[in-house]
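Observations on the model geometry
Chain residues, written in single-letter form:
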Amino acid sequence: MSAVRGPIVAGKGEPAPQPGGAGNAEGQWAGAVNVLCVRLDNLGDVLMTTPAIRALKVSEPGRRITLLCSPAGAQVAPHLPSVDAVIPYDAPWVKNQRGPDPAPDLAMIERLRAGRYDAAAIFTVYSQSALPAALTCMLAGIPRILAHARENPYRLLTHWIKDDTAMDGGRHETRRQLDLVASVGARTACENLEFAVRDQDRRAAAQKLAHLGVPLSSCIVVHPGASAPSRRYPPESFAQVVRQLSAIAPVILTGGPGELALTEHINTLAGHRAVNTAGMLPLGELGALLAEAAVLVSNNSGPVHIAAAVGTPVADLYALTNPQHAPWGVEHRLLNRDVPCKYCYRSVCPEGHHACLAGVEPEQVVAATRELLERRRRLPLSAAGGRVAA
């Protein structure tokens with residue numbers, strides 16, 4: 001294990017640390033074979049971080065990756081070839097339902113201490129602070145800790161890049177994390193998102209859909225839910241989209257168990273033109289469905305990033321809450337209406353009008369979906385999508 005010789009900082013007016021540059025950040029991470037990756041928010045955020053995780057995995061022979069993530073993020077871990085182990089954690093600085101008792105946090109520090117990690121990479125969106133996670137890792141005795149930070153972290157981070165540009169300059173979330181790990185020498189030739197579709201999930205999804213009378217492949221998937229109200233296209237508009245798309249191809253509605261009432265409402269308004277699978281497909285089977293689908297039509301939510309990982313085009317009803325989370329590495333269309341209040345970074349529309357989404361006409365969604373279908377049909381099979389190898 002190489003020694004840590006002090007913080008490597010990319011501050012204002014300074015370049016990010018480069019391999020072989022000042023402080024030799026790459027050399028300090030050489031030999032770190034037991035690495036903790038920290039990504040404590042949503043499933044989609046974990047997926048957008050997978051190229052950076054892969055870069056860490058492949059940049060050091062024999063490196064083992066443990067992912068510390070939210071219980072929601074942990075659902076995707078079985079589908080991430082670059083992750084060797086997962087630790088679910090409801091951190092107190094992340095939105096969740098846990099109480100104020102600090103016992104789970106003290107226990108997590110001890111669990112991480114017992115893991116004897118050589119290094120930790122903390123991944124956050126621009127609006128989050130990495131310092132609570134950094135303190136946890138420092139107290140656990142992890143000798144190398146990497147993250148973005150706005151303020152000087154002093155001894156909480158040994159390697160860091162300063163966040164000093166408004167909205168991170170609009171840089172995509174995936175690029176943000178790839179740039180972070182590149183600062184300690186971790187790079188990958190494959191920058192696609194990861195989601196490995198398992199054969200058992202493909203078989204189970206095909207069996208369920210056959211029972212419902214629809215094929216697994218060549219359908220249009222519509223996912224009308226989203227965790228944040230500010231990112232939800234109106235159900236009445238979704239119903240019009242479903243009604244029109246059903247004349248083109250079979251339409252399958254997807255969602256979690258808590259979204260069953262929403263999907264049933266939309267399907268009723270659409271004249272029951274779709275097959276409603278909300279609550280029926282576990283994450284792996286949803287991934288199998290998206291891998292075989294012709295197009296996904298969705299609010300900007302976790303399934304968008306699963307579709308991107310498996311190569312399926314996306315008509316993305318992209319609320320203008322922030323500019324960084326568009327589908328990565330896949331053919332897509334972003335559907336929204338420009339508004340003065342864009343980039344609010346809010347889960348609930350602060351203006352109350354949802355104009356950036358409500359202003360999108362259903363006919364625009366249908367036209368974008370048709371365009372993606374036509375482009376997909378013109379592509380050779382090998383270029384139209386497919387699973388990403390680790």
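So, here's what we can say about the structure. (Residues numbered from 1 in each chain as written. Predicted model: local features only at pLDDT ≥ 70, side-chain atom pairs only at ≥ 80, totals over all residues. Heavy atoms only, no water.)

In this structure the tally under the stated criterion is 18 salt bridges. We note a salt bridge from Glu-191 to Arg-175, for which the minimum N-O separation is 2.7 Å. Separated by 16 residues along the polypeptide, Glu-191 in the loop between α6 (173-182) and α7 (199-212) and Arg-175 in helix α6 bring together distant segments of the chain. For Glu-191, a relative accessible area of 29% corresponds to the partly exposed category. Between Glu-292 and Arg-202 there is a salt bridge; the shortest N-O distance is 2.5 Å. Taken as a pair, Glu-292 in helix α10 (residues 283-292) and Arg-202 in helix α7 lie far apart in primary sequence, 90 residues in all. What makes Glu-292 partly exposed here is its relative accessible area of 27%. When salt bridges that share partners are traced, they join Asp-163, Asp-168, Arg-171, Arg-176 and Asp-179 into one network. (Salt bridge = Lys/Arg side-chain N within 4 Å of Asp/Glu carboxyl O. Helix = DSSP H or I, 4+ residues; strand = E, 2+ residues; numbered from the N terminus. Buried < 20%, exposed > 50% of the residue type's maximum accessible area, 1.4 Å probe, protein only.)

What follows covers the nonpolar core. With 58 residues, the main nonpolar core has Leu-56, Phe-123 and Phe-195 as its most contacted residues. For this core, the element with the highest residue contribution is helix α2 (residues 43-58), accounting for 7 residues. Excluding anything up to four places from it in sequence, Phe-123 contacts Cys-37, Val-38, Arg-39, Thr-49, Ala-52, Ile-53, Leu-56, Gln-177, Leu-180 and Val-181. Of all hydrophobic cores here, the second largest spans 34 residues; its members include Leu-253, Ala-274, Val-365 and Leu-373. (Core = buried A, V, L, I, M, F, W, Y, C linked by side-chain atoms within 4.5 Å. Contact = heavy atoms within 4.5 Å.)

Here we take up the environment of Met-48. Among the structural elements, Met-48 can be located in helix α2. Along the chain, Met-48 and Cys-69 lie 21 residues apart, while their C-alpha atoms are 13 Å from each other. With sequence-adjacent residues up to four places away left out, Met-48 is seen in contact with His-172, Glu-173, Thr-174, Leu-193, His-305 and His-325.

A separate point is the sheet that holds strand β10 (residues 275-276). Read from one edge of the open sheet, 6 strands run β10-β9-β8-β11-β12-β13, paired in parallel fashion. Of all the strands in the sheet, just β10 and β13 (332-335) have a single pairing partner and so form its edges. The sheet contact formed by strand β12 (residues 314-317) and β13 spans 4 bridges and is parallel. Each residue of the ladder has a partner; that of Leu-317, found in β13, is Leu-335. Of the strands in this sheet, β8 (220-223), β9 (251-253), β11 (295-299) and β12 touch helix α8 (residues 235-245), which is tilted by about 175° from β8. Contacts from helix α11 (residues 302-310) reach β8, β11 and β12, with the element oriented near 155° to β11. (Pairing = 2+ DSSP bridges. Axes fitted to C-alpha atoms, helices over the stretch in contact; angles between N-to-C directions.)

This part is about α7. Think of an α-helix as 3.6 residues a turn; residues three or four steps apart then line up on the same face. When the terminal C-alpha atoms of α7 are compared, their 20 Å separation across 14 residues agrees well with the 20 Å that a helix rising 1.5 Å per residue should span. For α7, the complete set of buried residues consists of Asp-201, Arg-202, Ala-205 and Leu-209. Angularly, the buried residues of α7 cover 100° about the axis, an arc narrow enough to put them on a single face. Away from its buried face by more than 90 degrees, α7 exposes Arg-203, Gln-207, Ala-210 and His-211. Next to the buried residues of α7 lie β9 and α10. Looking one or two residues past α7, Gly-213 carries a phi angle of roughly 85°, positive in sign. (Expected span 1.5 Å × (residues − 1). Arc of directions from axis to C-beta.)

Right, let's get into the side chain of Ser-301. Inspection of the secondary structure puts Ser-301 in the loop between β11 and α11. Ignoring any residue separated from it by four or fewer positions in sequence, one finds Ser-301 in contact with His-223, Gly-225, Ala-226 and Arg-231.

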